[in-house]
Amino acid sequence: MTEKKEVDRAKIGKRNKRKGSNAERLYANIFKELGFEHCKTSRYGAKAIDDVGVDLINIPYNVQIKAGYAKGLNYSKVLHDMVTNIESRLMEDDPVRTRPNIIVHRKDVGAGNKRNPMDDLVVMSFETFKQLTTNG
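Worth saying up front: this structure is predicted, and the values here are computed from it rather than measured. (Residues numbered from 1 in each chain as written. Predicted model: local features only at pLDDT ≥ 70, side-chain atom pairs only at ≥ 80, totals over all residues. Heavy atoms only, no water.)

Draft legend 1. Geometry of the pattern of salt bridges. The final tally for this structure, using the stated rule, is 6 salt bridges. Ionic pairing is found between Asp81 and Lys77, a salt bridge with its closest N-O pair at 2.8 Å. In this pair, Asp81 and Lys77 both sit in helix H4 (residues 75-89), 4 residues apart, roughly one turn of the helix. Judged by relative accessible area, which is 47%, Lys77 ranks as partly exposed. (Salt bridge = Lys/Arg side-chain N within 4 Å of Asp/Glu carboxyl O. Helix = DSSP H or I, 4+ residues; strand = E, 2+ residues; numbered from the N terminus. Buried < 20%, exposed > 50% of the residue type's maximum accessible area, 1.4 Å probe, protein only.)

Listed below in structure tokens is the structure:
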């Protein structure tokens with residue numbers, strides 16, 4: 001019984017990794033369509049940036065992609081961890097440190113359900129929102 005549970009956990013982990021990687025590639029392509037033609041997943045382009053929690057590079061934002069159900073997902077903690085990791089692991093003159101930190105969450109709609117525009121969310125701190133509205 002214990003072995004079956006471990007196999008199920010492995011399958012779940014692989015499925016979640018695949019779901020996350022697919023979402024990262026999807027949003028990289030969407031950002032390319034928005035005019036950021038050099039956008040790539042950080043897994044492909046920069047290991048150090050991927051390690052601090054930034055999933056897309058060559059765009060003027062630090063974007064972390066989430067995919068699937070939001071059970072237990074704490075957006076505040078994810079954003080805090082991004083900031084902490086960026087500040088502690090990247091050099092002080094790295095431009096990544098000055099970019100707005102944003103989460104894009106592609107929610108799971110479940111089998112057989114239609115996706116609607118409210119299933120793709122953008123999450124940021126209010127401070128980031130103010131920064132974007134005053135600079136844009």
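Draft legend 2. Structural detail: the environment of Asp93. Within the element layout of this structure, Asp93 appears in the loop between H4 and strand S4 (101-107). Residue Asp93 is classed as exposed on the basis of its relative accessible area, which comes to 61%. Through-space distance from the C-alpha of Asp93 to that of Asn116 is 40 Å; in sequence the pair is 23 residues apart.

Draft legend 3. A look at the packing of aromatic side chains. Applying the stated rule across the entire model yields 3 aromatic pairs. Ring geometry for Phe36 against Tyr61: centres 6.4 Å apart, planes inclined by 75 degrees, an arrangement best described as edge-to-face. With Phe36 in the loop between helix H1 (2-33) and strand S1 (40-41) and Tyr61 in the loop between strand S2 (56-57) and strand S3 (62-68), this pair connects stretches of sequence that are 25 residues apart. Three or more aromatic residues link up through ring pairs in this structure, and these residues are Phe31, Phe36 and Tyr61. (Phe/Tyr/Trp six-rings, centres within 6.5 Å; stacked < 30°, edge-to-face > 60°.)

Draft legend 4. Expanded view of the pairing of S3. Among the 7 residues that make up S3, 5 are buried, leaving the element largely enclosed by the rest of the structure. Bridge count between S3 and S4: 7 bridges; the pairing is parallel. Residue Val63 lies in a different strand from S4, and its bridge partner there is Ile102. With H4 bridging S3 and its parallel neighbour S4, the resulting β-α-β unit is right-handed. (Pairing = 2+ DSSP bridges. Right-handed = clockwise from strand over helix to strand, strands pointing away.)

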